[in-house]
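Residue-level structural notes
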Amino acid sequence: DVSMDTWNFIYTSLVFLWLHRFYVYSVVAVGISVWMTIQFFTTQTRKKVREDGTSSEGIEDKLVNGSATLKAKELHVAGVKIFYGSQTGTAKRFAQGLAEAIISLRLPVEVISMGDYDPDDCLAEETTSRNICVFLVATYTDGQPTESAAWFCKWLEEAAHDFRFGKTYLKGLRYAVFGLGNSVYVDHYNTVGRNIDRWLWMLSASRIMTRVEGDCNVAQSKHGSIEADFEAWKAKFLGRLQVLCRGEKKPCSGKCKKGKCKPPGKQSKESSDPEHGASEYENTEAEELFETSSEEEADVEEAGGSNSVVDVEDLGNIVSHMKKAKTELSIRFATAVFLHGESCNIPSHVLTPAFSYKLIGSHSGVKLCRWTKSMLRGRGGCYKHTFYGIESHRCMEATPSLACANKCVFCWRHHTNPVGTEWRWKMDQPEMILQEALENHRNMIKQFKGVSGVRADRLAEAMTAKHCALSLVGEPIMYPEINRFVKLLHQHGISSFLVTNAQFPDEIRNLEPVTQLYVSVDASTKESLKRIDRPLFRDFWQRFLDSLKALSEKQQRTVYRLTLVKAWNVDELKAYADLISLGKPDFIEVKGVTYCGESSASNLTMANVPWHEEVVRFVQDLAGLVPDYEIACEHQHSNCLLIAHKKFKVDGDWFTWIDYGRFQELVREHERSGGAETFTAADYAARTPDWALFGSRERGFDPLDVRYQRKNKARDISGC
């Protein structure tokens, strides 16, 4: 039987549970009401902050769990960096005055002499720094920058014209330019400011306001003096700066064509005249646009195929597509031949280079390799330093022939040089080519004087070239006087590294001794060679094989250069081994292809670039198929390895390096004897240091130097 107390307990419990249900509901309802109230007030607080732009302390209030926390306001401008290039002190004085005005806005500011700044190391960092960069630059009467700004301008020019940096290299950098010039010198008026503006724009930096050109000529100055010109620009700049600090971004006024603001250099006749104002486009409102677009950019897109290869033989097909302002070097070269005849001396204005190498005469060029710059600063040399002991800071990269018989898909020059199968223009003398090459090389080296990080001892050594890499562009062996040119190099105590594309077997056979002769072996079958090298000769395969046979007859050092392109030529190991047996090279360089950016001349992408580990595996597999060879050296930061013939391994030590002094002695004896005194590669071999060997801890980096790791915007520019 159930007792009364039990029934009473059950009844009481049920009533309690029934009443508790309503209590829970009430608590939940009250909780929801409190939460909605908190959200309402939080939303109102945020709205007020957005409308006012600031809160009382420059922060945003936010309620979390019933308590107030503080969140930092978004930072639109971190600070201002003012770069100046000054000779008489005017630009420096302007920079200091601008800095004082910026400090009054409670913004961090830094005043920097261009001569003390290293753009190669630091400028790309400004793409993410949220700083505004201001450039106050003077122009000499001859149109050149001041001495302190020379290196900065040179670097920026090369970067803007070198596709390997990438057209978006400085995307995110925000800048303004004020130029100091004198309109008395009409031909060179403010050219430095204009150039810096253009080069920054070409690298996708964003102009925050129109460039202004101050004029030292009071008769032509817009405001009566260059000081007044600067004060007017400064007032406009400070106003623009405050707008940016608030995070505002005004749209284009729409007065320019199609709503696009004019790029640097796209000026009207009126604005190009100093009499009509200090700015090239003062009459537009382009300065109100935060990140500019341009007609020039549209022109590039319209041109489309302007980077494509143009054969001399195909000139008739491309004449209708030429654009005066955007014509590539290959078209200019071919046009000169067409207009002036096949034996013309091509005018220098026709051969304005698309890259930063210096033209010599009508068919030659010279360039400062990036590894030369690297070694000047103690940051390591190229793979030739590791494999063969060259001093990279004393190496001159040149060519006596811009023309080439191939259109390789991975050509890092993007085929801006002309192509052809024979010599078709007036020939410059080798003495003149070498003299101007050395002079241009020295002038480029001189520009490193005072550059941050450059070692004084290496700068002094670099003034005298000791090596010449005939690999800049084109096919050097096409030059009819290549033997005389090589002899001149040797007479100047300069070693010779000549690269050929294996399409001229007779020229290889007739070539006088060079320090090291390269043949590019970019594929191992007829089909893949045609696909990768895209040769002009119809009998290209037979020429290729005959060139390898001619190489096997050479007594001096010979090298196969293999460039690995993933999904193109990495699966032909047995065929490569057969080609090695045919040419019997002393060395085999195997390097992963360097991606050189987009080009209408090639459809390669980053997916075609093998990892270093993949290159190592390929080399190991290839070495296993050629019993007379072993892996000798590695240069990891060029993604390159060296396979050497075992004859260069003596008592367990590798001798891949070159005794350059001994080579010069041997070649002089050879020439004095009229060729009777011969010598071989073994006669001028030198021991390879341990750090250069495959498997070493250094992986090919010279321990005397310090490897520099770029913080961002990393790129691989392997040079020669």
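Attention here is on the structure that accompanies the text. (Residues numbered from 1 in each chain as written. Predicted model: local features only at pLDDT ≥ 70, side-chain atom pairs only at ≥ 80, totals over all residues. Heavy atoms only, no water.)

1. What about the overall build of the protein chain?
- Of regular secondary structure, the protein chain possesses 21 helices and 22 strands.
- Across the 720 residues that make up the protein chain, the buried fraction comes to 53%.
- Taking all contacts inside the protein chain whose residues are at least 6 apart in sequence as the whole, residues at least 24 apart take part in 76%. (Helix = DSSP H or I, 4+ residues; strand = E, 2+ residues; numbered from the N terminus. Buried < 20%, exposed > 50% of the residue type's maximum accessible area, 1.4 Å probe, protein only. Contact = heavy atoms within 4.5 Å.)

2. Observations concerning the pairing of strand E18 (residues 640-645)
- Where burial is concerned, most of E18 is hidden: five out of the six residues are buried.
- Examined bridge by bridge, strand E16 (residues 587-592) and E18 share five bridges and lie antiparallel to one another. The residue bridging Lys591 from the neighbouring strand is Cys640, located in E18.
- Examined bridge by bridge, strand E17 (residues 629-635) and E18 share six bridges and lie antiparallel to one another. If you follow Ile631 over to E18, its bridge partner there is Ile643.
- Once E17 ends, the chain turns through four residues before running back antiparallel as E18, passing Asn639 with a positive phi of about 55 degrees. (Pairing = 2+ DSSP bridges.)

3. Quick word on the packing of aromatic side chains
- Counted according to the given criterion, the structure contains 25 aromatic pairs.
- Pairing Phe83 with Phe152 gives two aromatic rings, centres 6.2 Å apart and planes at 40 degrees, and the pair type is tilted. Taken together, the residues span a long stretch of sequence, with Phe83 in strand E3 (residues 79-85) and Phe152 in helix H4 (residues 150-161) at a distance of 69 residues. The same class applies to Phe83 as to Phe152, namely buried. (Phe/Tyr/Trp six-rings, centres within 6.5 Å; stacked < 30°, edge-to-face > 60°.)

4. Section: helix H18 (residues 540-552)
- In this model, H18 (13 residues) spans 19 Å end to end at C-alpha, consistent with the 18 Å of a helix rising 1.5 Å per residue.
- When we look at burial in H18, the residues that qualify are Phe540, Trp541, Phe544, Leu545, Ser547, Leu548, Ala550 and Leu551.
- Considering only its buried residues, H18 is in contact with helix H16 (505-509), strand E14 (516-520), helix H17 (526-533), strand E15 (557-564) and helix H19 (573-583). (Expected span 1.5 Å × (residues − 1).)

5. A look at the sheet that holds strand E10 (residues 364-367)
- Spatially, E9-E10-E11-E12-E13-E14-E15-E16-E18-E17 is the arrangement adopted by the 10 strands of the open sheet, whose pairing is mixed. Two strands in the sheet have a free side with no partner beyond their single neighbour: strand E9 (358-360) and E17. Neighbour-to-neighbour, the strand axes of this sheet turn through a mean angle of 25 degrees, independent of strand direction.
- Pairing analysis gives four bridges linking strand E13 (residues 495-500) to E14, with the strands arranged parallel. Paired with Val499 across the two strands is Tyr518, which belongs to E14. (Axes fitted to C-alpha atoms, helices over the stretch in contact; angles between N-to-C directions.)

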